Amino acid sequence: MAEQRSKSVKPTNAKPSGAAANPYLINLDNFSKRLKMLYSHWNKHHTNLWGASTAVAIATPPLSDDLSQRKASLLDAVKKSAREAVGVEVVLHVKAKSDSGSELMDSIFNAVYTQSKSGGPDVPVVGHISRETPEGKLLEMWDEKLKNEKFELSDVSNGFSDLFAIKDETEVDCVKKAAFLTSSVMRQFVVPKLEKVIDEEKKVSHSSLMNDTEKAILEPARIKVNLRADNVDICYPPIFQSGGDFDLKPNASSNEKDLYYDSTSVILCAIGSRYRSYCSNIARTFLIDANPTQSKAYEVLLKGQEAAIGALKSGNRMSAVYQAALLVVEKDAPELAANLTKTAGTGIGLEFRESGLSLNAKNDRVLKPGMVFNVSLGFQNLQSETNNPKTRKFSLLLADTVLVGEKVPNVLTSKSSKAVKDVAYSFNEDEEEEENVKVKSDGKGVENTFSKATLRSDNHEMSKEELRRQHQAELARQKNEETARRLAGGGHVAADNRGAARTIGDLIAYKNVNDLPPPRELMIQVDQKNEAILLPIHGSMIPFHVATVKSVSSQQDSNRTSYIRIIFNVPGTPFTPHDANSLKFQGSIYLKEVSFRSKDSRHIIEVVQQIKTLRRQVTSRESERAERATLVTQEKLQLAAAKFKPIKLLDLWIRPPFGGRGRKLTGSLEAHTNGFRYSTSRPDERVDVMYGNIKHAFFQPAEREMVTLVHFHLHNHIMVGNKKTKDVQFYIEVMDVVQTLGGGKRSAYDPDEIEEEQRERDRKNKINMDFQNFVNRVNDLWGQNQFKALDLEFDQPLRELGFHGVPHKASAFIVPTSSCLVELIETPFVVITLSEIEIVNLERVGLGQKNFDMTIVFKDFKRDVLRIDSIPSTSLDGIKEWLNTTDLKYYESRLNLNWRPILKTITDDPEKFIEDGGWEFLNMEVSDSESDKSEESDQGYVPSDVNSESASDEENDDSESLVESEDDEDDDSDEDSEEDEGKTWEELEREASYADREKGNDSDSEEERKRRKIKAFGKTRAPEKRNPSGSLHKRAKFR
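Note that this is a predicted model, so its numbers are computed, not measured.

Novice: Describe the overall build of the protein, naming the residues involved and giving the relevant values.
Specialist: Helix and strand counts for the protein come out as 27 helices and 34 strands. Going through the 1039 residues of the protein one by one, you find that 40% of them count as buried. In the protein, 64% of the contacts between residues at least 6 apart in sequence involve partners at least 24 apart. Approximately 60000 Å² of the protein is accessible, and the part contributed by carbon and sulfur atoms is 50%.

Following this line, the structure appears as structure tokens:
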């Protein structure tokens, strides 16, 4: 028993310092506890599980050759613990190298006989594991002698199985680490490996994939898993199956055939790993261009396995787990029930398959907290309707390691996803599109002569644009409904901090008259200590707090007489900020300004400089105090314990930088228990960023930029130095931003600076890799249970979706991420959360425009819109596609809109906004269709002063003119001109001006007014110029 259990505790030592020198020391506390459990269980279930055995004989091979020589000395340490724990003596029989061991075995058997005669049955009952196969000559001799003795042998596998079924905290921790390793290998090695093989269409055998995966398990550092390789092993060689040859038995193996990944193929992968001898298992099925039969079967299997996992609750019988899965299959796909595996898995621990813990329909054992199961479910030998013999027959398999909890089960291998979207791959979309176009073209007879490529391209573009329009129309409906609900519920009301009154503390320079400094001369004095200005007025020194000074200036006239003018903050004057003190003393009389004259110009200049400096210091201090007063109180940073080395990045710069005029210093960023800490060698330069305050975290490696950075966008403001900010960034310059040209001599060995460029590339790659390792380790930290509610993970910008624009004053490269739109290089930074966006309006979009603008309207209508100007028109389609895929509704307009009055109108009368169709007033397609209808009606427009009779006469005249002579034409010229010209040009000019005044467009340019006049006349003709006589040119008639 001690030997069997020592496998699980060999590296765990009561003295950790000695573990490295001797990895086989025994944890005596665990030994005593588990020995008590063995005897207690043996006595409690002596008849039903232990076969009424009076002795138990277990033979195990040594863990290693060096251990076999030292086992006796190692086991000496347990004698005292065994005596104190259960009152038994540990007797060691040490076999010499030259001895066969036969005599020692006989002495052991004699001891069993002696013990049995003293109070047991006449024939001793010896418990053993019947299915155990002896390894080595010594164990084969032991097995043979045991069977030949006059013992009654009883199989005690069920007793050990039940004893080992419930894991203690140490064992659960080992299983969790084994499961983490297994799921990490599947997610970070196997899945990318398969994707690369399929994408590059490589030929790789199943056995080759097996060997590569086994190396990844045995070397956890390759997949950035922080587990010692000495504690890790495989449960079985990894299994890869495809091409129609599938075996769902646990003893299956990977063959030498190549991985098959053509259309409708299925790939099975199963991985098992050990940590300190404790097992874990995972299996996943990958579908390549699955047909409906395969997709349905996988969805049913996934649902069935989730039902089985859900039934792993304390108090349930093990048979209920399989029944839960079977009910799902019989309900959703009864035709697949016959192909379902006969068990839903087995217990797992020190043994990969613990006997007596099978999850089948007949096992009535009760589930208890602490049990661990390999929940494995599959469909064997399913048939698919394909012509390919390698994909006609397929199987499906899913397996996870699950811990039975007090209330709900814990899936320990959930890190590797098994959702349909993550295991189903589609690689033949292009071929399907090509086939569809070919079928369409075949039905068009003569039109078949067009090239297939042209038809495919046209059809592809049309369908893509049409799908986008349909999706946007659905988004418009959803957005209007969502906005209506939010406005109806008062969701538009938000805090508005714009124009908030600036408050300063009570302006008290001196508490009483006695605190005034003794007067020296009747001249202006500046009291730096009390922040006051003493002015001589009517022979007395009158103090004024420096915060009451609005401005101070000096000047000198031609007689060298200097003047100083001091203007004070007075309530009611324009551009004067509100002050709590002015509101407190509304009935008081205020001094607006005061001027002094002096012959001492140097004193005047000195006083002005002192007042300005003091005023600047006080204003800065009060501003910082006001900003700090609005800060949300943060939790205190808990530093990592000394034995846990914090995750650290060195030599970083911070933005925004600390204040002060000293030389800027680099610092280090450390990840502690509940937050980050950035600090330099100066004690006052320190910033703490709590995990709970982080809204978004970004990692941007240097590609085309000069810096590699990590950036945190926060929920609440913090102070960096004396700056209040929601964005904190830490970065390293991968190369010098400024280089002196010709400042140094080139190396004679590297005249073209090729080696220098290579060194720069190596430095950039090293910095990027250091940041990547930091980010990966922090992501693993955030993946722990205590941080899951924060939903934190470093996001990386998607450069291929980026575009140039001007969000503030300078042009920048703006890049989307999975949840934001960011620009992290130029300051001020741009971080826009996509979930906070109401709509996006693309402005100045039209033919002939080289660029356009993007206006982002937020769900908080009190918040100013964000406009990104001067985006190249070449980026328009990419931006539309990105907005569409992220489910953001966008509109297009030909002009820039004034959004403040628009949003104010919405918030003032939300019901009217909803009744008018919500955001559809921005829909340019609707407005275009309405303008087209109005233009069509304008073409048939008849002035109101021309009656129907004159109109009919005009028609008759036009019909008669087809046969009239030129003489008749001259006779009717006056009449025709009156009927054809309609309104005069002056009338149209007045109407256009009136319309402009109504719309507020008086400031439009002359060209814009001309363009509107042409549009008012109709698209078919421009207004005709007048001839010198004052009438319009006559329209030519048809002959």
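There is more to say after this.
Novice: For the packing of aromatic side chains, give the residues involved together with the corresponding values.
Specialist: Two descriptors summarise a pair of aromatic rings, namely the distance from one centre to the other and the angle between the planes of the rings. Across all of its chains, the model carries 25 aromatic pairs by this definition. One aromatic cluster is present, formed by Phe658, Phe676, Tyr678, Tyr691, Phe712, Phe730, Phe774, Trp782, Phe787 and Phe794 through successive ring pairs. Sitting over the face of the ring of tyrosine 731, arginine 655 holds its NZ or CZ atom 5.2 Å from the ring centroid.

Novice: Provide a residue-level description of the packing of helix α2 (residues 28-44) against helix α4 (residues 78-86), including the pertinent values.
Specialist: Running from N to C, α2 and α4 point in directions that differ by 45°, and their axes come no closer than 9 Å. With respect to each other, α2 and α4 are oriented oblique. The two elements α2 and α4 meet at a crossing, and its hand is right-handed. Every residue of α4 that contacts α2 at Leu28, Phe31, Ser32, Leu35, Lys36 and Tyr39 is listed here: Val78, Ser81, Ala82, Ala85 and Val86. In terms of residue class, the contact of α2 with α4 is made up of 8 nonpolar, 2 polar and 1 charged.

Novice: Go over the packing of α2 against helix α7 (residues 157-165) with me, naming the residues and quoting the values.
Specialist: Contact geometry for α2 and α7: axes closest at 11 Å, N-to-C directions at 130°. By the angle class used here, α2 and α7 are oblique. Viewed along their axes, α2 and α7 form a crossing whose handedness is right-handed. Contacts from Met37, Leu38 and His41 of α2 reach α7 at Gly159, Phe160, Asp162 and Leu163. Considered class by class, the residues forming the contact of α2 with α7 number 4 nonpolar, 2 polar and 1 charged.

Novice: How would you explain unusual backbone geometry if you had to name every residue and give the values?
Specialist: Here the residue pair arginine 655 and proline 656 is connected by a cis peptide bond, since its omega of -5° sits within 30 degrees of zero. Residue placement: proline 656 occurs in the loop between β19 (647-655) and β20 (667-671). Omega for the bond connecting threonine 827 with proline 828 falls within 30 degrees of zero, at -5°, which places this linkage in the cis form. Residue position: proline 828 is located in the loop between β29 (820-823) and β30 (830-833).

Novice: Lay out the nonpolar core in plain terms, naming residues and giving numbers.
Specialist: One broad rule of soluble globular proteins: the nonpolar side chains tend to lie buried together. By size, the foremost hydrophobic cluster in this structure holds 92 residues, and its most contacted members are Val185, Val190, Phe286, Leu312, Phe373, Phe379 and Leu396. Here valine 190 is in contact with Val185, Thr213, Phe240, Cys269 and Ile271, once residues within four sequence places are set aside. Counting residues in each nonpolar core, the second largest holds 35 residues, with Ile654, Tyr691, Ile767 and Phe771 among its members.

Novice: I'd love a proper account of the sheet that holds strand β13 (residues 525-527), names of residues and values included.
Specialist: If you trace the 3 strands from one edge of the open sheet to the other, you get β13-β14-β15, paired in antiparallel fashion. Strands at the two margins of the open sheet, each flanked by one partner only, are β13 and β15 (540-545). Strand-to-strand twist across the sheet, computed as the mean angle between neighbouring axes with direction ignored, equals 30°. Taken together, the 6 bridges between strand β14 (residues 532-537) and β15 define a ladder with antiparallel strand orientation. Bridge pairing links isoleucine 537 to serine 540 in β15.

Novice: Now, about the side chain of serine 183: what can you tell me, with residues and values included?
Specialist: Tracing the backbone through its elements, the reader meets serine 183 in helix α8 (residues 169-199). By relative accessible area, serine 183 is classed as buried at 1%. Among the polar contacts listed, one links the side chain of serine 183 to the backbone oxygen of phenylalanine 180, at a separation of 3.2 Å.

Novice: Got a sec to walk through the sheet that holds β20? Specific residues and values, please.
Specialist: Spatial strand order, β22-β21-β20-β19-β25-β24-β23-β26: 8 strands in an open sheet with mixed pairing. The sheet is open, and its two edges are formed by β22 (686-690) and β26 (794-795), each paired on a single side. Sheet topology note: the strand β23 (residues 694-700)/strand β24 (residues 707-720) ladder contains 6 bridges and is antiparallel. Across the sheet, phenylalanine 698 pairs through a bridge with histidine 711, a residue of β24. Lying over the sheet, helix α18 (residues 754-782) contacts β19, β20, β21 (675-679), β23, β24, β25 (723-733) and β26, oriented at roughly 115° with respect to β19.

The rules behind each value
Residues numbered from 1 in each chain as written. Predicted model: local features only at pLDDT ≥ 70, side-chain atom pairs only at ≥ 80, totals over all residues. Heavy atoms only, no water. Helix = DSSP H or I, 4+ residues; strand = E, 2+ residues; numbered from the N terminus. Buried < 20%, exposed > 50% of the residue type's maximum accessible area, 1.4 Å probe, protein only. Contact = heavy atoms within 4.5 Å. Areas by Shrake-Rupley, 256 points an atom, 1.4 Å probe, with all protein chains shown as cover. Phe/Tyr/Trp six-rings, centres within 6.5 Å; stacked < 30°, edge-to-face > 60°. Lys NZ or Arg CZ within 6 Å of the ring centre and 35° of its normal. Axes fitted to C-alpha atoms, helices over the stretch in contact; angles between N-to-C directions. Parallel < 35°, antiparallel > 145°, perpendicular 65-115°, else oblique. Left-handed = near helix turned anticlockwise from the far one by under 90°. Nonpolar A, V, L, I, M, F, W, Y, C, P; charged D, E, K, R; others polar. Core = buried A, V, L, I, M, F, W, Y, C linked by side-chain atoms within 4.5 Å. Pairing = 2+ DSSP bridges. Polar contact = N/O pair within 3.5 Å; in protein donor to acceptor, adjacent residues only side chain to side chain.

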